[in-house]
Amino acid sequence: MDLTWNEFERTDMRVGTILEVNDFPEARKPAYQLTIDFGLEIGIRKSSAQITKRYKKEDLINRQIVAVVNFPRKQIGKFMSECLVLGAVGEEGDVILLAPDFKIENGLRIG
């Protein structure tokens, strides 16, 4: 089903920097709990991301990513996910994060 241009424009995708990464042992599939800075307008958000196959926690700190910031919050176990980190999903479920090529300002909108 095709989206209209207006529907696409409602999706608020922003650049953020990962500040903190924690294990998420309660998750059904291996995941990390991320704390992400989206700049002054959006602020700090948390997300759960199933990115453990390709990424070590220490490699994610200060890494910029792209996320959807205007989805409703989602309760995942005892954790509240506040945004959706975007990535390409491989055949075996491994996720490759979407990210800008250069360090840019947190909170910039993807368009």
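Numbering of residues begins from 1 in every chain and follows the order in which that chain's sequence is written. Predicted model: local features are reported for residues with pLDDT of at least 70 only, side-chain atom pairs are reported and counted for 80 or more only, and whole-chain, interface and lining totals are derived from all residues. Working from all heavy atoms in the structure, the side-chain values ignore hydrogens and water.

You'll find the chain entered in an unreviewed UniProt entry as tRNA-binding protein, with Flavobacterium endoglycinae given as the organism.

1. Here's the deal with unusual backbone geometry
Positive phi values are uncommon outside glycine, yet Asn62 reaches one of about 70 degrees. Per the convention used, a helix needs a DSSP run of H or I reaching at least four residues, while a strand needs a run of E reaching at least two, with both numbered from the N terminus. Within the element layout of this structure, Asn62 appears in the loop between helix H3 (57-60) and strand E4 (64-68).

2. Remarks on a nonpolar patch on the surface
For patches, a residue must show more than 30% relative accessible area and have no salt bridge; joins then use 9 Å for like charges and 5 Å for nonpolar side chains, namely Val, Leu, Ile, Met, Phe, Trp and Tyr. Residue-level accessible areas treat just the shown protein chains as cover; the underlying method is Shrake-Rupley with a 1.4 Å probe. By convention in these notes, a salt bridge is any Lys or Arg side-chain nitrogen within 4 Å of a carboxyl oxygen on Asp or Glu. A cluster of nonpolar side chains, Leu3, Trp5 and Phe8, forms an exposed patch at the surface whose accessible area comes to about 360 Å². For Phe8, the position within the fold is in helix H1 (residues 5-9). Per-residue accessibility, obtained with a 1.4 Å probe over protein chains only, is compared with the maximum for each type, and a residue is labelled buried under 20%, exposed over 50%, and partly exposed between these values. By relative accessible area, Phe8 is classed as partly exposed at 31%.

3. Considering the pattern of salt bridges
Per the stated rule, a full pass over the model turns up 6 salt bridges. Between Arg54 and Asp94 there is a salt bridge; the shortest N-O distance is 2.7 Å. Of the two residues, Arg54 is situated in the loop between strand E3 (44-49) and H3 and Asp94 in the loop between strand E8 (87-89) and strand E9 (95-97); the sequence distance between them amounts to 40 residues. Of the residues examined, Asp94 reaches a relative accessible area of 13% and is grouped as buried. One salt bridge connects Glu82 with Arg73, and the closest N-O pair in it is separated by 3.5 Å. Given a relative accessible area of 15%, Glu82 falls into the buried group.

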